[in-house]
Amino acid sequence: MWYHKPVINEDMLQSLPNLKIVASSGVGIDHLDLNLLSSYGVKASNTPFVVSTDTADLGMALMLASSRRLVEGYQMAVSCDTEYFPADWLGTEVSGATLGIVGMGTIGYKVAERAKGFEMKILYHNRNRRNKEEESAVGAIYCKKIDDLLQQSDFVLLSVNLTPETHKLIGKRELELMKPTATLINISRGLVVDQDALVEALQNKVIKAAALDVTYPEPLPRDHPLLKLKNVIITPHIGSATKKTRRLMMENMTESIQAGLTGLPIPNEVL
């Protein structure tokens, strides 16, 4: 499966009685009905580890681009209407700011490693707390309650899997807990955020800005209000989109398929 295609439903499973494995690209598995696959004796795999480095890089890129208003700055620099660069056109500091990471899995932790280089104060909220050695290595502070993280962070970065528990995890209440100077960065799944609530928060300056690699749907309708806001950066779900990583993803999927066909243990099997 690539970009969730083809759709694996009961009709397809019934038409493929010899199917042994579904190898899906990327880390997310919200598009797979694992119970349905299991009922047909079909195994599933993904490619969670090879995407983590590039996705963490993109998270930092979105943070920097949003804070320093790179898209707006580019538009100003190349515009035919620009006669001078205003001295009061300012961005926001990343170095020394507080970063709140929601979801400290492999990707979230790699973001923390990068943020440490920017001397950021790092908070994180996760289902399970990291051990003290891992926390100490990046200077991360655990927030048992997500509310505490939201209230303290200058940048809130979402790096969670989409599950029933994380569906619209960030809604109106959570956005109102954030600082009015804060930026929301989403490199997980669009449905982790209530987009209607986000539009309202951005329009009413409840938060300062958003930088999104994911939305719902993808792409957004061309008349969607998020596309009209200057304090939003949207990229086309490119967290893993480098030549090396996409090749490694294909290799991982091939290895899983070969193992599934020969009855060997499946690398990155989704249980």
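In this text the structure is predicted, and so the values were computed from the model without any measurement.

Draft legend 1. Here's a closer look at the sheet that holds strand S4 (residues 121-125). Taking strand neighbours across the sheet as the criterion, the seven strands line up as S5-S4-S3-S6-S7-S8-S9 in an open arrangement whose pairing is parallel. Strand pairing shows two members of the sheet lacking a second neighbour, strand S5 (140-142) and strand S9 (232-234), which therefore form its edges. Looking at each pair of strands side by side, their axes are set apart by 15° on average, direction ignored. With four bridges connecting them, strand S7 (residues 183-186) and strand S8 (residues 209-212) associate as parallel partners. When the sheet's bridge partners are listed, Thr183 is paired in S8 with Ala209. Contacts between helix H5 (residues 106-116) and the sheet are confined to strand S3 (98-102), S4 and strand S6 (155-158), with S3 contributing the most and set at about 170° to the helix.

Draft legend 2. A look at the layout of surface pockets. Here the second largest pocket defines a volume of roughly 540 Å³. Breaking the lining of the second largest pocket down by element, the ones donating at least two residues are helix H3 (52-67), helix H4 (70-78), helix H9 (195-203) and S9. When its residues are assigned to classes, the lining of the second largest pocket shows 12 nonpolar, eight polar and six charged.

Each value, and the rule that gives it
Residues numbered from 1 in each chain as written. Predicted model: local features only at pLDDT ≥ 70, side-chain atom pairs only at ≥ 80, totals over all residues. Heavy atoms only, no water. Pairing = 2+ DSSP bridges. Helix = DSSP H or I, 4+ residues; strand = E, 2+ residues; numbered from the N terminus. Axes fitted to C-alpha atoms, helices over the stretch in contact; angles between N-to-C directions. Contact = heavy atoms within 4.5 Å. 1 Å grid on protein atoms, 1.4 Å probe; cavity = no way out; pocket = protein on both sides within 12 Å on 5 of 7 lines; lining within 4 Å. Points joined across faces, edges and corners; volume = space filled by probe spheres on them. Nonpolar A, V, L, I, M, F, W, Y, C, P; charged D, E, K, R; others polar.

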